[in-house]
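# Overview (structure and organization)
Chain by chain, the residues:
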Amino acid sequence: MEILIIGCGAAGAAAAIAAAQAGHRVTVIDRNRKPLKKLGVTGNGRGNLLNLSDLRYYGDTAFAHQVLEAMPPKEVAVFLEDCGITLAEEDEGRVYPAANLASVAVDGLLHRMERLGVELLPCALAECIQPGKNGFSVLVTITEYAPDQVKANGKVKKGEAVAQRQLTLKADRVIVAAGGAAAPAHGTDGTAYGLLTALGHTLRPVKPALCALLTDAKPLKGLSGKRVRAGLALRAADGCLLHESNGEALFAEDGVSGIAAMQLARFVQPGCTLHMDLRYSLMGSENTDAAAWLRKRRQRLCEQRTAGTGSEPVSVAELFTGCAHPALQAAIERMAGLSSKEPASDAAIQQLAKAIEDFALPVTGTRDFDQAQVTAGGMDTAQFDPQTMESRLVPGLYAAGEMLDVDGDCGGYNLMFAFAGGLLAGRANASR
Ligand SMILES: Cc1cc2nc3c(=O)[nH]c(=O)nc-3n(C[C@H](O)[C@H](O)[C@H](O)COP(=O)(O)OP(=O)(O)OC[C@H]3O[C@@H](n4cnc5c(N)ncnc54)[C@H](O)[C@@H]3O)c2cc1C
């Protein structure tokens, strides 16, 4: 059987290998010049490929669980190891290449595809899929680029697109693994949804996920670039908890990123507020009563005073000496409505404790798709079989990966869902 796969990302590569192992002729096309371009930059270049702890998916969570029941994480790990990728498990079930390099995973998958005789067609953009009596025709635009290694001839810059041509590829089965709308620099700008909507499939609303939150900038003055470990809660305008997360947060001039904040992005809605509990970063524990802790610090400073120098009251600023970056201290004071020099009275301590336990930032939105790692939303999963990834509307057509309405937390969940769906689609073709 001829299998055509649209998109050579994690899902497309897994599908190609699985289908080729079953003895089919497989062609994979990708609009990028380099296949698996995105995989090479994942996990800060380390490639968090899988997660072996509890599943953490959103969108159609039940569909994600069914896919990972049909293709369990351990089986995905076996597949990757079979591609020569040695894996190492770290904290919280996160699995990376033992080499700590996403690029070795790219190499392993590409090598396996090559050895299985998979035909790879780069710079090939699928424009539309036409089902016919005997399979499918896919209209493809091929872009030719000036070679990188050749100096510009004065008219054409190296690496520039110089020509385009169209061709029609025929296949018995088509697997669409063309990603979502996040990270368009990697070939995924959301236009590929049109391949499936043109065939009657439904696109559920999409928005950026795993990206920075944009917030009121005033409380963040001076904090840009500072990292804290914090408990984060996103609350709706009526105070209702939308989602919470724990871990590292990184302040920017106009918002908050870092894994803990990025995991909240998909839950952002108009009028919501980010509540940061900063106790861990100041006190080394999230469970300490902030007011009691501040009173204890004041007590220590008072005792040290009577033993030696002056007798002025302990100031607000002194409470933070040795435990907070000056910029964080200033931000907490601003949030509490206090100045550094005023005395650390009981009332001031109450206000500071509230600002530490609930550093509240009105959320104005999230960064856009170009700075998001993942897409929330996507193709309606009800129209696909989670055992095989086959469309329930168009027999012989399959979809896998981020283009479906499933997104996961940071930690390897998104690549794992892509690999698992790709393997199911590739193997489903095996049994026909
Ligand atoms: C910076 C960054 C870091 C990330 N880190 C992690 C991580 O560590 N762990 C994790 O689990 N997830 C991570 N993710 C998310 C993860 O990379 C994606 O969810 C995953 O790659 C999705 O796989 P996919 O195969 O569905 O799509 P993609 O990997 O996006 O591949 C889709 C491919 O389809 C091609 N394509 C699109 N349209 C067409 C068309 N019309 N014709 C031909 N080709 C087309 C694209 O060029 C692309 O190569 C990260 C994402 C980013 C951006």
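Residues numbered from 1 in each chain as written. Predicted model: local features only at pLDDT ≥ 70, side-chain atom pairs only at ≥ 80, totals over all residues. Heavy atoms only, no water.

## Quick word on the domain arrangement of the protein chain
We note that the domain assignment places domain 1 (2–207 + 376–430), domain 2 (209–281) and domain 3 (283–360) within the protein chain. For domain 2 versus domain 3, the distance between C-alpha centres works out to 23 Å. Of the residues lining the interface, 20 residues belong to domain 2; the matching set on domain 3 comes to 20 residues. Of the roughly 1600 Å² buried between domain 2 and domain 3 on both sides combined, carbon and sulfur atoms contribute 57%. For the domain 2 face of the interface with domain 3, the top three residues by lost area are Leu 278, Arg 279 and Tyr 280, together amounting to 40%. Between domain 2 and domain 3 we count two salt bridges in total. Close ionic contact of Glu 357 with Arg 279 constitutes a salt bridge, the shortest N to O distance being 3.8 Å. Those elements giving two or more residues to the side of domain 2 that touches domain 3 turn out to be β14 (227–235), β15 (241–251), β17 (273–277) and α7 (279–283). Among the elements that line the side of domain 2 that touches domain 3, the one with the most residues is β17, at five residues. (Domains from an automatic or database assignment. Contact = heavy atoms within 4.5 Å. Buried area = accessible area lost by both parts, 1.4 Å probe. Salt bridge = Lys/Arg side-chain N within 4 Å of Asp/Glu carboxyl O. Helix = DSSP H or I, 4+ residues; strand = E, 2+ residues; numbered from the N terminus.)

## Some remarks on the site of the ligand
As a structural note, the neighbourhood of the ligand is formed by 32 residues, with Asp 30, Lys 38, Asn 48, Glu 402 and Leu 415 the closest of them. Contact between the ligand and Asn 48: a nitrogen atom at 2.8 Å from a main-chain N or O atom of the residue. In isolation the ligand has 990 Å² of accessible area, and contact with the protein removes 94% of it. Broken down by secondary-structure element, the contributors of at least two residues to the shell around the ligand are α1 (10–21), β8 (124–132) and α12 (413–430). In terms of residue class, the shell around the ligand is made up of 14 nonpolar, 14 polar and four charged. (Near = heavy atom within 4 Å. Polar contact = N/O pair within 3.5 Å; in protein donor to acceptor, adjacent residues only side chain to side chain. Areas by Shrake-Rupley, 256 points an atom, 1.4 Å probe, with all protein chains shown as cover. Nonpolar A, V, L, I, M, F, W, Y, C, P; charged D, E, K, R; others polar.)

## Overview of the pairing of strand β9 (residues 135–145)
Among the 11 residues in β9, eight count as buried, and that is most of the element. Note that β8 and β9 share eight bridges and pair antiparallel. Within β9, the residue paired with Ala 124 across the bridge is Ile 142. Linking two consecutive strands that pair antiparallel, namely β8 and β9, is a turn of two residues. (Buried < 20%, exposed > 50% of the residue type's maximum accessible area, 1.4 Å probe, protein only. Pairing = 2+ DSSP bridges.)

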